[in-house]
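If you want the building blocks of each chain, they are given just below.
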Amino acid sequence: MSPAAFRFAALGAMVGLLAACSQTASAAANEPSVPAPLRAPPQRPGGGVAPGVTALNVPMASAAKAPTLTVTRFKNEDYFAASEIAERLGFKTTWEESKRELTMVAGSRKLVLTGEKREVACNGLRIFLGDAVLYRGGKLYVNRTDYERCLLSLLRPEFITSPVPKLRTIVLDPGHGGSDPGMENNALRVQEKVLALDVALRLEKLLRAEGYSVVLTRREDRQLAPTKEADLQRRAIIANAAGADLFLSIHFNSLFPDTRVSGSEVYVFTRPGQRSDTSWGFGQPDDSENEIAPVNRHDPWTSILAHAVHRETINGLKTADRGHKTKHLGVLRGLNCPGVLVESLFLSNAEEARRAATPAYRQQIAEALWSGIRSYAATLDTLRPKSSTAPATANRPAASNSP
Ligand SMILES: [Zn+2]
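Predicted model only: the values in this text are computed from it and were never measured. (Residues numbered from 1 in each chain as written. Predicted model: local features only at pLDDT ≥ 70, side-chain atom pairs only at ≥ 80, totals over all residues.)

Details of the overall build of the protein chain
Our working rule: Runs of E in the DSSP output that reach at least two residues are strands. Runs of H or I that reach at least four are helices, and both are numbered from the N terminus. Burial is judged by counting other C-beta atoms within 10 Å of a residue's own C-beta: 20 or more means buried, 12 or fewer means exposed, and anything between counts as partly exposed, with every C-beta placed from the backbone. By the convention adopted here, residues are in contact when the distance between their C-beta atoms, placed from the backbone, does not exceed 7 Å.
A tally of regular secondary structure across the protein chain gives 10 helices and 17 strands. When each of the 403 residues of the protein chain is scored for burial, the buried share is 49%. Excluding contacts between residues fewer than 6 apart, the proportion of contacts in the protein chain whose partners are at least 24 apart in sequence is 77%.

Written out as structure tokens, the structure reads:
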């Protein structure tokens, strides 16, 4: 075992989830994502769908059983025909041969797939799948991992086989700190570590007002461990120790010397057996085909969380949509709950950096993230079996009900 692999294994053991590593990619989506059944989870404070909050439009979860699909093998991987996915999930399709583009629509939900491309448009948002959609014999095929761990969650979340998670404790992770400033725009004197902490504190207030229990991985300007790798792992360990139901890492992007790029990105941990969105994760122990990181057990719920945070960030900040992407991110790897990392804008872009430097805009970022979390909470509420749903009178946020 390489030193890196040993560290990973040690982290896995620490969070008590090493067993996850023995799962195979193809079977994982049918197994519960948490060890104990949580069929009647406690409601989030203030339970129910809050007014003005968008949940994915789904019917009440029942004993819904995901439709069986025919597996086709390409490149030693399992794929499903997109047309069969659409038919079984009850989506109408339109095919445009010249573009090799299949559009699937059901009510307000829409997915556009293009042959030989990793980028898809889901409900108007850019998502980068782990594997390109294949074009074979005049048909499109979607990789099984992308379907089971991402697209199915967004198209028909009622078919997710693992229990609907509870949502009470939220861990916010302001990126960087101490001797690691993160991205800097020296001309404008802004540092990522300072902005991230400020946004986290603002978001904490909003969430506490709704009755959530909120934990921050840091409240001061400090590093959490002497090395970068240990610092990132530490953040996941803090979240697991706090019993986090949701983890949100707050960052700001940069692409110096290219100062033109702008917009928002949402990252999830790379799904099992797939590649990082960039080559960043190459050589990481979890790049191997069969290894599954602890956080991968929550992939179907993480996908819903990422989609909600992605949509509300783009809507709330009116930023360019740079997509829902995957990366082998050390801060997310060891999590025992759904988790995402948000890069709300680019500090290397003067206009966005100037905005981020104002408290009013940082409040706007916090509110956009808050909307994303509320939307995720609303979707979970919609999916819970009826018996465990809060009465209608409780279907509003419990304002000023700080724990
Ligand atoms: Zn960062």
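There's plenty left to go through after this.
Some thoughts on the pairing of strand β15 (residues 264-269)
What counts, and what does not: Between any two strands, at least two bridges found by DSSP are needed for them to pair.
The buried count for β15 comes to six of six residues, which makes it a mostly enclosed element. Of the two faces of β15, the one lined by Ser 264, Val 266 and Val 268 and the one lined by Glu 265, Tyr 267 and Phe 269 are each fully buried. Two strands pair when backbone bridges link them, and β15 and strand β16 (residues 321-327) are joined in this way by five bridges, in the parallel orientation. Looking at the pairing, Ser 264 lines up with Asp 321 of β16. Pairing of β15 with strand β17 (residues 339-346) involves three bridges; the strand directions are antiparallel. Within β17, the position partnered with Val 266 by the bridge is Val 342.

Some words on unusual backbone geometry
Looking along the chain, the bond that leaves Phe 256 and enters Pro 257 is cis, with omega of 5°. One can find Pro 257 in the loop between β14 (246-253) and β15. For Glu 116, which is not a glycine, the phi torsion comes out positive at approximately 65°. Turning to its location among the elements, Glu 116 is positioned in the loop between β5 (109-114) and β6 (119-122). One non-glycine residue, His 176, adopts positive backbone phi at about 65°. Among the structural elements, His 176 can be located in the loop between β10 (169-174) and β11 (184-185).

Comments concerning the packing of helix α7 (residues 299-317) against helix α10 (residues 359-383)
The test is simple: Only the contacting stretch of a helix is used when fitting its axis, a line to C-alpha atoms as for every element, and angles between N-to-C directions run 0 to 180 degrees. Rotating anticlockwise by less than a right angle from the far helix to the near helix defines a left-handed crossing, while the corresponding clockwise rotation defines a right-handed one. Here the nonpolar group is Ala, Val, Leu, Ile, Met, Phe, Trp, Tyr, Cys and Pro; Asp, Glu, Lys and Arg are the charged ones; every other residue, Gly included, is treated as polar.
Packing of α7 against α10 leaves a shortest axis separation of 8 Å and a crossing angle of 140°. You can see that α7 and α10 cross each other, and the crossing is right-handed. Residue-level contacts link Ile 304, Leu 305, Ala 308, Val 309, Glu 312, Thr 313, Gly 316 and Leu 317 of α7 to Gln 364, Ile 365, Glu 367, Ala 368, Leu 369, Ser 371, Gly 372, Ser 375, Tyr 376 and Thr 379 of α10. In terms of residue class, the contact of α7 with α10 is built from nine nonpolar, seven polar and two charged.

Thoughts on the packing of helix α5 (residues 192-209) against α10
Stated precisely, the cut-off is as follows: In this scheme, roughly parallel covers angles under 35 degrees and roughly antiparallel covers those over 145, while 65 to 115 is roughly perpendicular and the rest are oblique.
With their axes 8 Å apart at the nearest point, α5 and α10 run at an angle of 50° to one another. Between α5 and α10, the interaxial angle falls into the category oblique. In this structure, α5 meets α10 at a crossing whose hand is right-handed. Residue-level contacts link Leu 195, Asp 198, Val 199, Arg 202, Leu 203, Leu 206 and Leu 207 of α5 to Arg 362, Gln 363, Ile 365, Ala 366, Glu 367, Leu 369, Trp 370 and Ile 373 of α10.

Concerning α5
This is how the line gets drawn: The span expected for a helix works out to 1.5 Å for each residue beyond the first.
If you check α5, its first and last C-alpha atoms are 26 Å apart, about what 18 residues at 1.5 Å a residue would give, namely 26 Å. Those residues of α5 not exposed but buried are Glu 192, Lys 193, Val 194, Leu 195, Ala 196, Leu 197, Val 199, Ala 200, Arg 202, Leu 203, Glu 204 and Leu 207. At the exit of α5 stands Gly 211, carrying a positive phi of roughly 95°.

Examining the nonpolar core
Selection rule: Structurally, a nonpolar core is described as a collection of buried Ala, Val, Leu, Ile, Met, Phe, Trp, Tyr and Cys residues joined by way of C-beta atoms within 7 Å. In this entry, domain limits derive from an automatic or database-based domain assignment.
Grouped together as the largest cluster of nonpolar side chains are 90 residues, with contacts concentrated most on Val 142, Leu 246, Leu 305, Val 340 and Leu 369. Ranked by the residues each element gives to this core, the list is headed by α10, at 11 residues. Looking at this core, you find at least three residues from each of domain 1 (72-155) and domain 2 (169-388). Setting aside residues no more than four positions away along its own chain, Leu 305 makes contact with Leu 246, Pro 338, Val 340 and Tyr 376.

Some remarks on the sheet that holds strand β8 (residues 134-136)
Neighbouring strands of a sheet are bound in pairs by backbone hydrogen bonds; such pairs are parallel or else antiparallel. Within the open sheet, the four strands sit side by side as β1-β2-β9-β8. Their pairing is antiparallel. The open sheet terminates on both sides in strands that have one partner only, identified here as β1 (72-74) and β8. Pairs of neighbouring strands in the sheet enclose a mean axial angle of 45°, with direction left out of account.

Description of the confidence of the model for the protein chain
Selection criterion: On a scale of 0 to 100, pLDDT captures the predictor's confidence in every residue.
Residues at a pLDDT of 70 or more form 76% of the protein chain, whose mean pLDDT is 82. Counting interchain partners and residues more than four positions distant, the pLDDT-below-50 stretch residues 1-50 has 97 contacts. Contacts of residues 388-403 to residues separated by more than four positions or lying in other chains number 34 contacts, the stretch itself having pLDDT below 50.

Concerning the environment of Arg 189
Secondary-structure assignment places Arg 189 in the loop between β11 and β12 (190-191). Its 10 C-beta neighbours within 10 Å are what place Arg 189 among the exposed residues. Expressed as a C-alpha distance, the spacing of Arg 189 and Ala 357, which sit 168 residues apart in the sequence, is 8.6 Å.

So, helix α4 (residues 144-155)
Of all 12 residues making up α4, 12 are buried, and the element is well covered by its neighbours. Residues of α4 that are buried: Arg 144, Thr 145, Asp 146, Tyr 147, Glu 148, Arg 149, Cys 150, Leu 151, Leu 152, Ser 153, Leu 154 and Leu 155.

A look at the environment of Asn 123
As for its position among the elements, Asn 123 is in the loop between β6 and β7 (125-128). C-alpha separation for the pair Asn 123 and Lys 110, spaced 13 residues apart in sequence, amounts to 5.0 Å. Each residue touching Asn 123, except ones within four places of it in the same chain, is listed here: Arg 109, Lys 110 and Leu 154.

Describing the environment of Phe 256
The residue Phe 256 is located in the loop between β14 and β15 in this model. Note: C-alpha distance between Phe 256 and Asn 349 (93 residues apart in sequence) is 8.5 Å.

Quick notes on the pairing of β6
By the alternation rule, side chains of β6 split into Val 120 and Cys 122, which are all buried, and Glu 119 and Ala 121, of which none is buried. In this antiparallel pair of consecutive strands, β5 and β6, the connection spans four residues, and Glu 116 shows a positive phi of 65°. Here β6 runs beside β7; their pairing, made up of four bridges, is antiparallel. The residue of β7 that forms the bridge with Val 120 is Ile 127. Two successive antiparallel strands, β6 and β7, enclose a turn made up of two residues, where Asn 123 displays a positive phi of approximately 50°.

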